[in-house]
Amino acid sequence: MLRVEGLSAREIGLGPFDLEVKRSLAVLGPNGSGQSLFLNALVGMFAAQGRVSFHHYLLNRHSLQGQLLVGFLASPPDFEEHLSGFRWLDLIGGLYRLSTKVRRERILALADDFGSNENLYRPLNGLSAATRLRIGLMAAWLGEPRLLVLDQPTNFLDPQAKEGLIERLAAHHNQGGVSVIATHDLVFAAAVADQFLFLANGRDMAHGSLAELANLLQTRKNLEDCYRKLYYGQIK
């Protein structure tokens, strides 16, 4: 379980947040609502108040054991631009303390899964946005993490690739993994998450299961209706 207790960064207007995530949380909101800030705070990318723990391990910059449990995709992915995709992934595998043999086997297997074989050895700064995203997703899965934290993972993906990502996340959840995913794609969010957090100006507007939110907002049990009611005050 992921437990978030009093997470905030008051100097940048984030939080506070108090949440428990057992399976999958979709973080929703319009541009500028604080999705990326929330995810970055969650994984300890900057100093914040409060406590975030996963399976009793703290998630912050000082907890190596906690960090090894996490696979993180930033938006946009944070690369060493001059490296090839393979070399960059190889470095990421080293951070997860994987042997050379294991990490290279995993990179090739993930390249197969994500359809990135032909671009794996090209410099990252010459790749398309969609290919760069796929390589970022490969990095998130490389350490076989128990917790995936993904920021806008469907950007630039075609429908087939998006369906493959939904299936991969389902397998992750079925194996006991947990995910926190920031997205603007409500159809994708409804397909992969069983809890939802709506943000505005870095604050928690509402969170809960779809049934809980529909009851709170007096809408149909439909994610788009909940979104429209919260942000526009009306339902289509």
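This structure is a prediction, so every number in the text was calculated from the model and none was measured. (Residues numbered from 1 in each chain as written. Predicted model: local features only at pLDDT ≥ 70, side-chain atom pairs only at ≥ 80, totals over all residues. Heavy atoms only, no water.)

A. View of the sheet that holds strand 2 (residues 14-21). Strand order in the open sheet formed by four strands is 2-1-4-5, with antiparallel pairing between adjacent strands. The sheet is open, and its two borders are formed by strand 2 and strand 5 (57-58), each paired with just one other strand. Strand direction decides the pairing type here: strand 1 (residues 2-9) and strand 2, joined by six bridges, are antiparallel. Counted as the bridge partner of L7 is F17 from strand 2. (Pairing = 2+ DSSP bridges. Helix = DSSP H or I, 4+ residues; strand = E, 2+ residues; numbered from the N terminus.)

B. Structural view of the nonpolar core. One finds F196 and F198 to be the most contacted residues of the largest nonpolar core, which totals 51 residues. Counting residues per element, this core draws most heavily on helix 5 (residues 129-142), which supplies eight residues. With residues up to four places along the chain from it excluded, the contact list for F198 reads L28, R203, D204, M205, A206, L213, L223, C226, Y227, L230 and Y231. If you look at the next biggest cluster of nonpolar residues, it comprises 27 residues, including A9, L42, L59 and V180. (Core = buried A, V, L, I, M, F, W, Y, C linked by side-chain atoms within 4.5 Å. Buried < 20%, exposed > 50% of the residue type's maximum accessible area, 1.4 Å probe, protein only. Contact = heavy atoms within 4.5 Å.)

C. Examining the packing of helix 4 (residues 100-114) against helix 5 more closely. Running from N to C, helix 4 and helix 5 point in directions that differ by 135 degrees, and their axes come no closer than 10 Å. Here helix 4 is positioned oblique relative to helix 5, judged by the angle of their axes. For helix 4 against helix 5, the interelement crossing comes out right-handed. Contact residues: R103, R106, I107, L110, A111 and F114 in helix 4; R134, L137, M138, W141 and L142 in helix 5. A breakdown of the residues in the contact of helix 4 with helix 5 according to their chemical character gives eight nonpolar, no polar and three charged. (Axes fitted to C-alpha atoms, helices over the stretch in contact; angles between N-to-C directions. Parallel < 35°, antiparallel > 145°, perpendicular 65-115°, else oblique. Left-handed = near helix turned anticlockwise from the far one by under 90°. Nonpolar A, V, L, I, M, F, W, Y, C, P; charged D, E, K, R; others polar.)

Worth remembering: the numbers are spatial, not functional.
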